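Read off the chains here:
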Amino acid sequence: MQLNPYLIFNGQCEAAFKFYEERLGGKIVVMLTHGSSPMAEQGPPEWRNKIMHARLTVGDAVLMGSDSPPDHHEEMKGFYVALNTEAPADAERIFHALAENGTVRMPLQETFWAARFGMLVDQFGVPWMINCE
């Protein structure tokens, strides 16, 4: 069994996953658009380039996502994507990369449980917790 976060974007899934691929050193293994699906003709033409399903691997971890139609989109809340590193330098690099054009909620710092811990919301509205024990 594998448990994976599945993020729903407001039309920015492709940009977000390319950003994560670059910043996290991952690999996009699936990027399926609505226009390339068998249901392409059932949706509006302006929706054909939006993402129906994306899958990114980072080591053994998987992050998935898609775009939701604007009339069905809800703001992401009530969760964080937790990312754990083994080295403080990796935590620093990843935290600052993801925080670009985002909002830092708790600066990356040493805590009683971790060598580094910080919280941010990236430019796509995804909340992250970066932890290095």
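Please read all numbers here as calculations on a predicted model, not as lab measurements. (Residues numbered from 1 in each chain as written. Predicted model: local features only at pLDDT ≥ 70, side-chain atom pairs only at ≥ 80, totals over all residues. Heavy atoms only, no water.)

Colleague: Could you give an account of the sheet that holds strand β5 (residues 81-85), with specific residues and numbers?
Modeller: If you walk across this open sheet you meet the four strands as β5-β8-β7-β6, and the pairing is mixed. Among the strands making up the open sheet, the edge pair consists of β5 and β6 (103-109). This sheet shows a mean twist of 15° between the axes of neighbouring strands, independent of strand direction. Where strand β7 (residues 116-121) lies against strand β8 (residues 127-132), six bridges are found, and the strand directions are antiparallel. Paired with Arg116 across the bridge in β8 is Cys132. Sheet strands in contact with helix α2 (residues 88-99) are β5, β6, β7 and β8, and its direction is about 10° off that of β7. (Pairing = 2+ DSSP bridges. Helix = DSSP H or I, 4+ residues; strand = E, 2+ residues; numbered from the N terminus. Axes fitted to C-alpha atoms, helices over the stretch in contact; angles between N-to-C directions. Contact = heavy atoms within 4.5 Å.)

Colleague: Before we move on, can you summarise the pairing of strand β4 (residues 61-67) with the specific residues and values?
Modeller: Among the seven residues of β4, six are classified as buried, and the element is accordingly described as predominantly covered. Two strands pair when backbone bridges link them, and strand β1 (residues 6-9) and β4 are joined in this way by four bridges, in the parallel orientation. Residue pairing for β4: Tyr6 is matched across the bridge by Met64. As paired strands, strand β3 (residues 51-58) and β4 are joined by five bridges and run antiparallel to one another. Across the sheet, Leu56 pairs through a bridge with Leu63, a residue of β4. (Buried < 20%, exposed > 50% of the residue type's maximum accessible area, 1.4 Å probe, protein only.)

Colleague: Could you give an account of the pattern of salt bridges, with specific residues and numbers?
Modeller: Taken as a whole and assessed by the stated rule, the structure comprises five salt bridges. Among the ionic pairs, Arg23 bridges to Glu22, the shortest N-O distance being 2.9 Å. By relative accessible area, Arg23 is classed as buried at 15%. The partner of Arg93 in a salt bridge is Asp90, with the nearest N and O atoms 3.9 Å apart. One end of the pair, Arg93, and the other, Asp90, are both in helix α2, three residues apart, so they sit about a helical turn from each other. A relative accessible area of 32% places Asp90 in the partly exposed class. In this structure, a network of salt bridges that share partners links the residues Glu22, Arg23 and Glu100. (Salt bridge = Lys/Arg side-chain N within 4 Å of Asp/Glu carboxyl O.)

Colleague: Outline α2, listing residues and values.
Modeller: Under the 1.5 Å per step criterion, the end-to-end length of α2 is 16 Å for 12 residues, consistent within 8% with the ideal 16 Å. For α2, the complete set of buried residues consists of Ala91, Ile94, Phe95, Ala97, Leu98 and Ala99. The elements touched by buried residues of α2 are α1 (13-24), β5, β6, β7 and β8. (Expected span 1.5 Å × (residues − 1).)

Colleague: Lay out unusual backbone geometry in plain terms, naming residues and giving numbers.
Modeller: Of note, the phi angle at Asn101 is positive, near 60°, even though the residue is not glycine. What makes Asn101 exposed here is its relative accessible area of 62%.

Colleague: I'd love a proper account of the nonpolar core, names of residues and values included.
Modeller: Ranked by internal contacts, the top residues of the largest apolar core, which has 28 residues, are Phe9, Phe17, Tyr20, Leu98, Trp128 and Ile130. Listed by contribution, the elements that provide at least two residues to this core are β1, α1, β3, β5, α2 and β8. The leading source of residues in this core is α1, at six residues. When sequence neighbours within four positions are dropped, the list of residues in contact with Ile130 reads Leu83, Ala91, Ile94, Phe95, Leu98, Leu108, Arg116, Phe117 and Gly118. (Core = buried A, V, L, I, M, F, W, Y, C linked by side-chain atoms within 4.5 Å.)

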